[in-house]
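# Close look at the chain arrangement
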Amino acid sequence: MQNETPQKIRLYGFWLPGLLIVAGLVLILAQFFGDYTLIVNSGKREARGLAFTSGQLLRAAMYNLQPEDEVYPAPAKLNLSRRTIVLNQARPVTIQSGEAEITLFSAGALPADLLREAGLALFPGDVLLWEGKPLNPNEPLPLGEALTLEFVPAKRVDLQFANETLTFFTQQESLGEALDEAGIQLRPEDTLSLDLESALEAENVVSVRLAREISVQVGSQQYRGLSAAERVGEALRDLGLPLQNLDYAQPGENQPIPADGQIRIVRVSEEILLQTEETAYNNSYADDPNAELDTISVLVPGQIGLVVTRERLLLEDGIEKARRTDGPWKASDPSDGVLGRGTKV
């Protein structure tokens, strides 16, 4: 009996570690075996099995995983605690943009994410349509089914002012409609490089000159108005005060408008003064049988000669600024006359 005791001890010492290892393996295996919840494309189902990774469990459940699929937890990562497995299966997504068409294989649910995958930037004013209806880019789309989306990018408008550029995006067709939509109000006197009726393209650069107050002094009268012109002559035409004949402006009509908006129009007129000097003529006498005796008749009328001197006066706002004399020159020579002595009795 004394000899058997050591043998039993040695036997127990041999099997006990092996039993502990087996028990540990059983516990480990038990950790990976059990009930799982599978959420596939937002649909829920239950599964039971032994799986070390989510990928093993999904393949056991007859799901053929694709590289583009989204799996949580990661399909190749040891799953120690998660009992809920999420699978979003990739599907073909076609995005039409104008004449271009982009097709990708994606498990993304958000339209904004799908656009990023397609290399399309989403700007304010862009429209994304699904089955003809607008989509919120941050609201999820159905998973697991093919999709066809239409991307309608907004038109970009850059309004270039003197000291800044205002950029906005729009789906409107014309510049005027786009400005109204953006709440940008311009005065009739403001100037745009494009007409308000102009059709918008994908990118549009529009120069804007805002009108400012112009004050014009004409003699003793003052005129005020708005103009977006850059030159004096253009501003005067905008205010209905174009230069006429010899009139001139200060500053000159081809000069930039002064910072204070002050312009003066000088009205120029020209007057011509004629001074005449008469040259006398002589008369001779002859008998006139048709005139009564002792009366005088005019047989050939005489004509005086004229010498003319011309003066040209230049007036600015009614004030003489220059005078020039032309002449004198002979306008006509004197012509002698003949007087008749009446001889009729």
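Rules used in this analysis
- Residues numbered from 1 in each chain as written.
- Predicted model: local features only at pLDDT ≥ 70, side-chain atom pairs only at ≥ 80, totals over all residues.
- Heavy atoms only, no water.
- Helix = DSSP H or I, 4+ residues; strand = E, 2+ residues; numbered from the N terminus.
- Buried < 20%, exposed > 50% of the residue type's maximum accessible area, 1.4 Å probe, protein only.
- Contact = heavy atoms within 4.5 Å.
- Areas by Shrake-Rupley, 256 points an atom, 1.4 Å probe, with all protein chains shown as cover.
- Polar contact = N/O pair within 3.5 Å; in protein donor to acceptor, adjacent residues only side chain to side chain.
- Salt bridge = Lys/Arg side-chain N within 4 Å of Asp/Glu carboxyl O.
- Pairing = 2+ DSSP bridges.
- Patch = residues over 30% accessible without salt bridge, like charges linked within 9 Å, V, L, I, M, F, W, Y side chains within 5 Å.
- Lys, Arg positive; Asp, Glu negative; His and termini not counted.
- Charge placed at Lys NZ, Arg CZ, Asp CG, Glu CD.
- pLDDT = per-residue confidence, 0-100.

A word on the overall build of the chain. Each helix and strand in the chain was counted, giving five helices and 23 strands. Residues counted as buried form 31% of the 345 residues belonging to the chain. Here the contacts in the chain between residues at least 6 apart in sequence split such that 52% fall between residues at least 24 apart. A total of about 22400 Å² of accessible surface is found on the chain, and carbon and sulfur atoms cover 52% of it.

Attention now moves to the environment of Arg-237. The residue Arg-237 is located in helix 5 (residues 232-238) in this model. The spatial distance from the C-alpha of Arg-237 to the C-alpha of Ser-227 is 9.3 Å, given a sequence separation of 10 residues.

Locating Thr-53 in the fold gives a position in the loop between strand 2 (43-50) and helix 2 (54-60). Exposure remark for Thr-53: the relative accessible area of 12% places this residue in the buried category. Looking at Thr-53, its side chain comes within polar contact range of the main-chain oxygen of Pro-75, at 3.2 Å. In this view, Thr-53 contacts Pro-75, Ala-76, Lys-77, Leu-78 and Asn-79; residues no more than four positions away in its chain are not counted.

It is worth spelling out the pattern of salt bridges at this point. Considering all chains together, one arrives at 13 salt bridges under this definition. Glu-320 is the partner of Arg-323 in a salt bridge, and the nearest nitrogen-oxygen pair spans 3.1 Å. With a shortest N-O distance of 3.8 Å, Asp-326 and Arg-324 are connected by a salt bridge. You can call Asp-326 buried: its relative accessible area is 18%. Accessibility expressed as a relative area gives 48% for Arg-324, which makes it partly exposed. One network of salt bridges, in which partners are shared, links Arg-310, Arg-324 and Asp-326.

This brings us to the sheet that holds strand 8 (residues 133-134). One open sheet accounts for five strands, arranged 6-5-9-7-8; its pairing is mixed. Of all the strands in the sheet, just strand 6 (100-106) and strand 8 have a single pairing partner and so form its edges. Bridging between strand 5 (residues 91-97) and strand 6 involves seven bridges; their strand directions are antiparallel. Across the sheet, Val-93 pairs through a bridge with Leu-104, a residue of strand 6.

The next point concerns a negative patch on the surface. A grouping of Glu-189, Glu-230, Glu-234 and Asp-238 is seen on the molecular surface, where their side chains present a negatively charged patch. Its location among the elements puts Glu-234 in helix 5. Given the relative accessible area of 34%, Glu-234 is considered partly exposed.

All right, on to the confidence of the model for the chain then. Overall, the predicted model of the chain reaches an average pLDDT of 85, with 89% of residues at or above 70. Of all the helices and strands in the chain, helix 1 (residues 4-32) carries the lowest mean pLDDT, 50, while strand 13 (residues 203-209) carries the highest, 95. Across residues 23-33 the pLDDT falls below 50, and counting only partners more than four positions away or on other chains, this stretch makes 16 contacts in the model.

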